[in-house]
Amino acid sequence: MRILVIGGVAGGMSAAARARRLDEHAEIIVFEKGKYVSFANCGLPYHVGGEIEQDSYLLLHTPDSLKAELDLDVRTEHEVISIDRDAQSVLVATPEGTETFDYDALVLSPGADAIVPPIEGMDLPEVTHLRTVDQARSLAVRAADARRAVVMGAGFIGLETAEALRHRGLEVTVVELAPQVLPPLAPEMSSLVEKELRAHGVDVRTGVAAVGVVKDPAHEGVTVNLDDGGAIGADIVVVSVGVRPSSALASEAGLEVDGRGAIVVDDQQRTTDRHIWAAGDAIAVRHGVTGQVGPVPLAGPANRQGRRAADSIMGRIDKAQPVLGTAIVRVFGETAAMTGASPRMLDMAGIDYFVVHTHPANHAGYYPGSQVLHLMGVFSPEGKLLGAQAVGPDGADKRIDVLATALRAGMDADDIAELELAYAPPFGSAKDPVNMLGFLAQNVVNGTTRTWSAKDLEQARSEALILDVRSEREYAMGHLPEALNLPHTHIREYIEGVKQIAAGRPVRVLCASGVRSYYAHRVLAQHGLDSATLDGGMFTLVESVPGLELVHGTAQPANA
């Protein structure tokens, strides 16, 4: 059997390596149009920033090492330029000319191409992408002599690149068309990341697009012009506005691609041709929560898809699971991680849900070094987990990994509340943040808790008594103008007074994180008041409402 693999790195090399392990006698040839067939593309920003000092560390395998270890015939700087499906052959442009190769099975893993905005100046020498080892090497060298950098795009790679360049001492501006950094995050979670960027001296411009890059006649470097009339000087411009499937070869061969250009495959990675399989960033996958189909360019799924393609070629049945989009990024001292569907994705898919936020410590509060972890869970009205996000300096990774596992297993709030997780004071709490998320969702589903959120703020201001149950000191540090302060420990003592002031209105309770307001809410509800507790407390409200007006001091509102 002859197996041809088009493209290396994650999907292609996983397919080739797995195929060899399953069939020692197969002829396996890998064609890679670039110079490197197996490199750590996820590590490129960390080389630019100097954390990975030697660029050689990014090179995981070479054709020689793959020949010695797996008896693979790897041919770099060989570009497949056409597929003849009837003849089961491919035409390859080699350094010596073109050559035709027949195949019994063909695996496509062409990856994705960087999107180049259709604006002036994308061909200037100051403008680059960060997709290859050579680009990382060049950027690392140029950063040593540069003073200013603009990063176009505030997605995962964009923010990693911004951090890397800031570590190198450059003045960095991030420009993002979306209204927030890290668009896959919920706005109130993204706001935490933006604060971290600004705290480390990064100039963040959201809701604005670059309209051109031009040479600066008065100074060295270029000027990035924005659609709001702004202009930013730069010595380096890194374009990181997204990728699109590299599917032209497949499309020209008559294979089915979807509306976004992703190669359509079945649950065994087979394309619409029974002799051709595909894996990696170029294919369409089904989202495990929304059911929507499209490309999800992540390294983990790409590796598994390549492995599955090899299994299918060898006659093994290993059906693909839907993709959850689990992802993580470090931004200076904070980590942002997510899995499953965000509220925005669910809105677009027309799926009902509710959201809960919690802000626990990453480990036992009495153990030195505890820090706040911001955790959000998205659940169906019946309590099934649909997605989760976390932002914090420590502990976000393992909580999202646990919740990604729970999501894959189809767990609901009851299951998550009962998860038995490793605990010792340096590592977590007896009630782990994951369990707490389950407890919160349980309470919403079974009616123990009624919540209100930022979207209800204006209605609460006009129709309800807003009760701030933080301490007097916390209240004085900043509170809603309409909020009456009554610490939660005094609720029972002054319950009749609360009823009198409410005068038949609903009571909307808040505190810093949602814990004390929940305690107060339970007291108020059991005394017959129409009560609800603010989901996530002031932590979440402040991040959800940009420019929220807060009053300082202990003076109570007029209705007190």
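Residues numbered from 1 in each chain as written. Predicted model: local features only at pLDDT ≥ 70, side-chain atom pairs only at ≥ 80, totals over all residues. Heavy atoms only, no water.

Draft legend 1. Spatial organisation of the overall build of the protein. Counting its regular elements, the protein contains 17 helices and 32 strands. Expressed as a percentage of the 560 residues in the protein, the buried residues total 51%. Restricting to contacts in the protein with at least 6 residues of sequence separation, those with at least 24 account for 63%. As presented, the protein carries roughly 24600 Å² of accessible surface, and 50% of it is formed by carbon and sulfur atoms. Charge centroids of the protein, computed over 48 positive and 73 negative side chains, lie 3 Å from each other. (Helix = DSSP H or I, 4+ residues; strand = E, 2+ residues; numbered from the N terminus. Buried < 20%, exposed > 50% of the residue type's maximum accessible area, 1.4 Å probe, protein only. Contact = heavy atoms within 4.5 Å. Areas by Shrake-Rupley, 256 points an atom, 1.4 Å probe, with all protein chains shown as cover. Lys, Arg positive; Asp, Glu negative; His and termini not counted. Charge placed at Lys NZ, Arg CZ, Asp CG, Glu CD.)

Draft legend 2. Spotlight on the layout of surface pockets. Approximately 930 Å³ is the volume attributed to the second largest pocket. Looking at the second largest pocket, it is lined by 41 residues, and the ones nearest its centre are Ala186, Pro187, Glu188, Ala454 and Ser544. When residues in the lining of the second largest pocket are grouped by element, the largest group, seven residues, is from helix H6 (residues 187–199). Tallied by class, residues from the lining of the second largest pocket come to 19 nonpolar, 12 polar and 10 charged. (1 Å grid on protein atoms, 1.4 Å probe; cavity = no way out; pocket = protein on both sides within 12 Å on 5 of 7 lines; lining within 4 Å. Points joined across faces, edges and corners; volume = space filled by probe spheres on them. Nonpolar A, V, L, I, M, F, W, Y, C, P; charged D, E, K, R; others polar.)

Draft legend 3. Expanded view of the pattern of salt bridges. The final tally for this structure, using the stated rule, is 25 salt bridges. Here Glu171 ties to Arg147 by a salt bridge, and the two come within 3.4 Å at their closest N and O atoms. Here Glu171, found in strand E13 (residues 171–176), pairs with Arg147, found in the loop between helix H4 (133–143) and strand E12 (148–152); they are 24 residues apart in sequence, far enough to count as distant. What makes Glu171 partly exposed here is its relative accessible area of 44%. The partner of Asp235 in a salt bridge is Arg148, with the nearest N and O atoms 3.1 Å apart. Of this pair, Asp235 sits in the loop between strand E17 (231–234) and strand E18 (236–239) while Arg148 sits in strand E12, and the two are 87 residues apart along the sequence. Connected via shared salt-bridge partners are Lys35, Asp55, Asp134 and Arg137. (Salt bridge = Lys/Arg side-chain N within 4 Å of Asp/Glu carboxyl O.)

Draft legend 4. How the structure looks around the environment of Val356. Along the polypeptide, Val356 turns up in strand E25 (residues 354–358). We classify Val356 as buried; its relative accessible area is 2%. Spatially, the C-alpha atom of Val356 lies 33 Å from that of Arg244, the residues being 112 residues apart in sequence. In contact with Val356, not counting residues within four places along its chain, are Leu375, Met376, Gly377, Phe379, Leu437, Leu440, Val444 and Asp535.

Draft legend 5. Looking closely at empty space enclosed by the protein. Overall, the coordinates contain one cavity of 30 Å³ or more when judged by the stated rule. Of the voids in this model, the largest cavity is the one considered here, and its volume is about 40 Å³. Taken together, Glu188, Met189, Leu192, His357, His359, His374, Phe539, Thr540 and Glu543 make up the full set of residues lining the largest cavity. Sorting the residues of the lining of the largest cavity by element identifies H6 and helix H17 (537–544) as the ones contributing at least two each. Of the residues that constitute the lining of the largest cavity, the class distribution is three nonpolar, four polar and two charged.

Draft legend 6. Structural context of the sheet that holds strand E6 (residues 79–84). The three strands are arranged E6-E7-E8 in an open sheet whose pairing can be described as antiparallel. Because the sheet does not close on itself, it has two edges, and the strands there are E6 and strand E8 (97–102). Each strand axis lies, on average, 25° off the axis of its neighbour in the sheet, ignoring direction. In the sheet, E6 pairs with strand E7 (residues 89–94) via five bridges, with the strands oriented antiparallel. Across the sheet, the residue bridging to Glu79 is Ala93, located in E7. (Pairing = 2+ DSSP bridges. Axes fitted to C-alpha atoms, helices over the stretch in contact; angles between N-to-C directions.)

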